[in-house]
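# Descriptive analysis of the structure
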Amino acid sequence: MRPPIRSFFYTSLPFALIPLLSLADPSDPDVEHEVGNYFGPGAQASFVAQNGIVSTSSHPATMAALDILRTGGNAFDAAAVAQFVLTVSEPFASGIGGGAFLVFYDAKTGEVVNLDGREEAPAALSPEAFLGKDGKPLPFKEQATGGMAAGVPGTLAAMDHLLKTRGTITLAQALQPAIRLARAGFAIPEPFAANIRSAASRLSKFPASAKIFLHPDGSPLKVGEIFVNPDLADTFELIAKEGIDVFYKGKIAQDIVDAIRKDTVRPGVITLKDLARYRPVERSPVHTTYRGFDIYGMNMPSSGGVTVMEALNILEQTVYDKAPHGSADSLHLFADAQNLAFADRNRFLADADFVEVPVSGLLSKEYARKRAEKIDPKKALTTPVDFGSPEGMSELPLSPRLAKESECTTHFSIVDHDRNAITVTTTIEQHFGCGIVVPGRGFLLNNELTDFDVANRTDDGHLFANAPTGEIRTRRTALGDDSKTQGGKRPRSSMSPTIILQDGKPRFVLGSPGGATIIGVTLNVLSNLIDAKMDVQVAVNAPRMIARNGAMELETPFYRNEALRTDLEKRGFQVNRRQHLGSVQAIEISPDGWLRGAADPRREGLALGF
Ligand code: GLY
């Protein structure tokens, strides 16, 4: 079915939509009270509906995607629409110059599928690309700024693939709301303004970026000013007319290559051939069970799914279910399960098309039992803890460190009338990616290549698993001649779009931005839903604690609780305060036919349905 696209999507929002305030879990009054104080009276209400729900971190994206659902489109159509509008409304976080991971439940087949639209390394990328003359990694700001950091973008190809294989509207139709928004403009909200302020000096290095985000005198655009992007509207119109080949093989490809190779800050090495051979990849999801639920997540090259699941498997082996949720006993087990899983993540996980990754060994329940034996419920593990020995491990060298990973990116979740469910984490890596807007095209390029381990080899010369090029140099996903080409390795991600099934049907969908914090953030919300049985909005709002094989990081409401903090410190945890961790957009699909959508108040998201 190909529904007509409305001429102006805002006008079709139904008056009958009434957001229902989320109901607090009566067993957890403290958490709700704290969150109320923390996020203020504007803290989000969840939205209850029957036919479809969209939750994104951007109001125009939620409204445009909802409009497609209401006019007969499915969740896959709505996902593409949301992504294109996000390229306009949250250009600093994601877009067609970046990459994305999509996890979806296809109601027709009953299958959960991964779609990998991750950026990839150009063939000529040197493993030393991010090292200085002294052989040491450049300061992160230098690594991340300019053309060398940009991977071959995958988001547009992934959305096109999604529409062609599961959608009901054309790419041209899916682009229309974004084209209208880019031309008509919108008042800049405070989070967007704040992001421009903090990136202004970086953006000023690139004239095409300054033209869009700064005033002629170099000052940043301010909250409330109307943001228009006619270049991006033209770009989308060209793609609508000619299809994605114009982006990967045609005029836009040439402009991308020129922008990267002629960059005066740090020119990169992408060629037309790199763009032409990009393809999104459908993969099998990773899976585990947890307390009666089936958990599905993103496979390699994201470390997100495996690490979330290994931590859950470890928790299952402990008395975590007996400890009061949010107590020191419970946070202790939760932190050390994360620490153990993170040690394995850093050691083993990377692009499995290039290196051997022991996914099934890491996810075996027997392995989790052995890992859990290391946890002492009275005394914190000394971090960093060592990685384990999962079945199938190879002799790959250890990743040396937790690479600096930016906390930008964005997440959205959508469920439709037929109960197709899709959860998408999408990124250009750091805020404003590598800083380069492709001149005349209106979109930013990513700096995803900094998600590789840039200190790339051991003292005796072996490349690390997540080095920019692999020791197995065959692109196993490639076709024909491409299979022998260099390049194509995809940097390890932490993005963790997750779908939870109960009795074979989707029950929750969720995910978050936040670089390497995404894994812990996803675990927090998942545990709030399953272990504490919280309402989905309460689960999203509740304060978070993460651990990444180092200090325990507590959001302010936990941190301010002195008795809790002292107890954790006495057990040996180093406790650090974090203002905000992540921005989760989640949906609950109740077995009795209702959907409840929640958006995260940490980023002013919006969940709406009908
Ligand atoms: N760039 C964020 C991630 O891929 O995890």
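In case you missed it, the structure is sitting above this.
The following paragraphs examine the structure supplied in this document. If you're wondering where the values come from, they're calculated on a predicted model, not measured in any experiment.

### Regarding the overall build of the protein
- A count of helical and extended segments in the protein gives 20 helices and 19 strands.
- Per-residue burial over the protein gives 65% buried out of 610 residues.
- Summarising the internal contacts of the protein: among those between residues at least 6 apart in sequence, 74% fall at separations of at least 24.
- Carbon together with sulfur atoms contributes 53% to the accessible area of the protein, which is approximately 21400 Å² in total.

### Notes on helix H9 (residues 230–242)
- For H9, spanning 13 residues, the distance from its first C-alpha to its last is 18 Å, which sits close to the expected 18 Å at 1.5 Å a residue.
- Among the residues making up H9, those that are buried are Asp231, Leu232, Ala233, Thr235, Phe236, Leu238 and Ile239.
- On the buried face of H9, the contacting elements are helix H3 (75–89), helix H5 (155–166), helix H6 (171–184), helix H8 (207–213), helix H10 (245–248) and helix H11 (251–261).
- Once H9 finishes, Gly243 follows within two positions and takes phi at roughly 85°, a positive value.

### Some thoughts on the packing of aromatic side chains
- For the coordinates displayed, the defined rule picks out 16 aromatic pairs.
- Ring geometry for Phe247 and Phe443: centres 5.6 Å apart, planes at 35°, overall tilted. With Phe247 in helix H10 and Phe443 in the loop between strand S11 (421–427) and strand S12 (498–502), this pair connects stretches of sequence that are 196 residues apart.
- On the accessibility criterion, Phe247 (0% relative accessible area) is buried.
- Summarising the aromatic geometry, the rings of Phe293 and Phe508 are spaced 6.4 Å apart at their centres and angled 45° between planes, so their arrangement reads as tilted. Of the two residues, Phe293 is situated in strand S9 (residues 293–297) and Phe508 in strand S13 (residues 505–510); the sequence distance between them amounts to 215 residues. Accessibility assignment for this pair places Phe293 and Phe508 in one class, buried.

### Side note on H6
- For H6, with 14 residues, the first-to-last C-alpha span of 21 Å sits near the 20 Å given by 1.5 Å per residue.
- The largest bend in H6 comes to about 30°, at Pro177.

### Considerations on the site of the ligand
- Lining the immediate surroundings of the ligand are Arg118, Thr409, Thr427, Glu429, Glu448, Asp451, Ser493, Ser494 and Met495.
- Residue Arg118 places a side-chain N or O atom 2.9 Å away from an oxygen atom belonging to the ligand.
- Split by residue class, the shell around the ligand holds one nonpolar, four polar and four charged.

### As for the sheet that holds strand S1 (residues 47–49)
- Read from one edge to the other, the open sheet built from seven strands follows the order S1-S18-S17-S13-S12-S9-S8, with strand pairing classed as antiparallel. Looking along the sheet, the strands with just one partner apiece sit at the ends: S1 and strand S8 (286–290). Here the average twist between neighbouring strands, direction ignored, is 20°.
- Bridge analysis of S8 against S9 gives five bridges, and the strand direction is antiparallel. What sits directly across from Tyr290, in S9, is Phe293.
- This element, helix H13 (residues 304–316), spans S8 and S9 of the sheet and lies at about 20° to S8.

### Section: the sheet that holds S11
- Strand order across the open sheet formed by seven strands is S7-S4-S3-S11-S10-S2-S19, with antiparallel pairing between neighbours. Each edge of the open sheet carries a strand with a single partner, namely strand S7 (281–283) and strand S19 (606–609). Each adjacent strand pair in this sheet contributes to an overall mean axis angle of 15°, direction not counted.
- As judged from the six bridges shared by strand S10 (residues 410–415) and S11, these two strands associate in the antiparallel manner. Residue pairing for S11: Ile414 is matched across the bridge by Ile422.

### A short note on empty space enclosed by the protein
- For the coordinates displayed, the defined rule picks out six cavities of 30 Å³ or more.
- There is about 110 Å³ of room inside the largest cavity.
- His325, Asn524, Asn528, Pro543 and Phe558 are the residues nearest the centre of the largest cavity, which is lined by 14 residues in total.
- For the lining of the largest cavity, the elements supplying multiple residues, two or more each, are helix H14 (328–348) and helix H17 (518–530).
- Looking at the lining of the largest cavity residue by residue, the classes come out as eight nonpolar, six polar and no charged.

### Considerations on the environment of Asn195
- Mapped onto the fold, Asn195 is located in helix H7 (residues 190–203).
- Expressed as a C-alpha distance, the spacing of Asn195 and Cys408, which sit 213 residues apart in the sequence, is 10.0 Å.
- Residue contacts for Asn195: discarding those within four places in its chain leaves Phe92, His431 and Phe432.

### What to know about the packing of H14 against helix H20 (residues 562–570)
- Here H14 crosses H20 at 50°, and the two axes come no closer than 10 Å. When the interaxial angle is binned, H14 and H20 end up oblique. Note that H14 runs across H20; the crossing there is right-handed. Here H14 contributes Ala328, Leu331 and His332 to the contact with H20, which in turn contributes Leu564, Asp567 and Leu568.
- Of the residues in the contact of H14 with H20, the class split is four nonpolar, one polar and one charged.

### Digging into the side chain of Thr62
- For Thr62, the location among the structural elements is in helix H2 (residues 59–70).
- By relative accessible area, which is 0% here, Thr62 ends up buried.

### Describing the packing of H13 against helix H16 (residues 365–372)
- Two numbers describe how H13 lies on H16: the axes approach to 8 Å, and their chain directions differ by 65°. Between H13 and H16, the angle is such that the two are roughly perpendicular. The two elements H13 and H16 cross, and the hand of that crossing is right-handed. For the pair H13 and H16, contact is made by Glu310, Asn313, Ile314 and Glu316 and by Lys365, Tyr367, Ala368, Arg371 and Ala372, respectively.

Quick notes on the rules
- Residues numbered from 1 in each chain as written.
- Predicted model: local features only at pLDDT ≥ 70, side-chain atom pairs only at ≥ 80, totals over all residues.
- Heavy atoms only, no water.
- Helix = DSSP H or I, 4+ residues; strand = E, 2+ residues; numbered from the N terminus.
- Buried < 20%, exposed > 50% of the residue type's maximum accessible area, 1.4 Å probe, protein only.
- Contact = heavy atoms within 4.5 Å.
- Areas by Shrake-Rupley, 256 points an atom, 1.4 Å probe, with all protein chains shown as cover.
- Expected span 1.5 Å × (residues − 1).
- Phe/Tyr/Trp six-rings, centres within 6.5 Å; stacked < 30°, edge-to-face > 60°.
- Bend = angle between axes of the 7 residues up to and from the residue.
- Near = heavy atom within 4 Å.
- Polar contact = N/O pair within 3.5 Å; in protein donor to acceptor, adjacent residues only side chain to side chain.
- Nonpolar A, V, L, I, M, F, W, Y, C, P; charged D, E, K, R; others polar.
- Pairing = 2+ DSSP bridges.
- Axes fitted to C-alpha atoms, helices over the stretch in contact; angles between N-to-C directions.
- 1 Å grid on protein atoms, 1.4 Å probe; cavity = no way out; pocket = protein on both sides within 12 Å on 5 of 7 lines; lining within 4 Å.
- Points joined across faces, edges and corners; volume = space filled by probe spheres on them.
- Parallel < 35°, antiparallel > 145°, perpendicular 65-115°, else oblique.
- Left-handed = near helix turned anticlockwise from the far one by under 90°.

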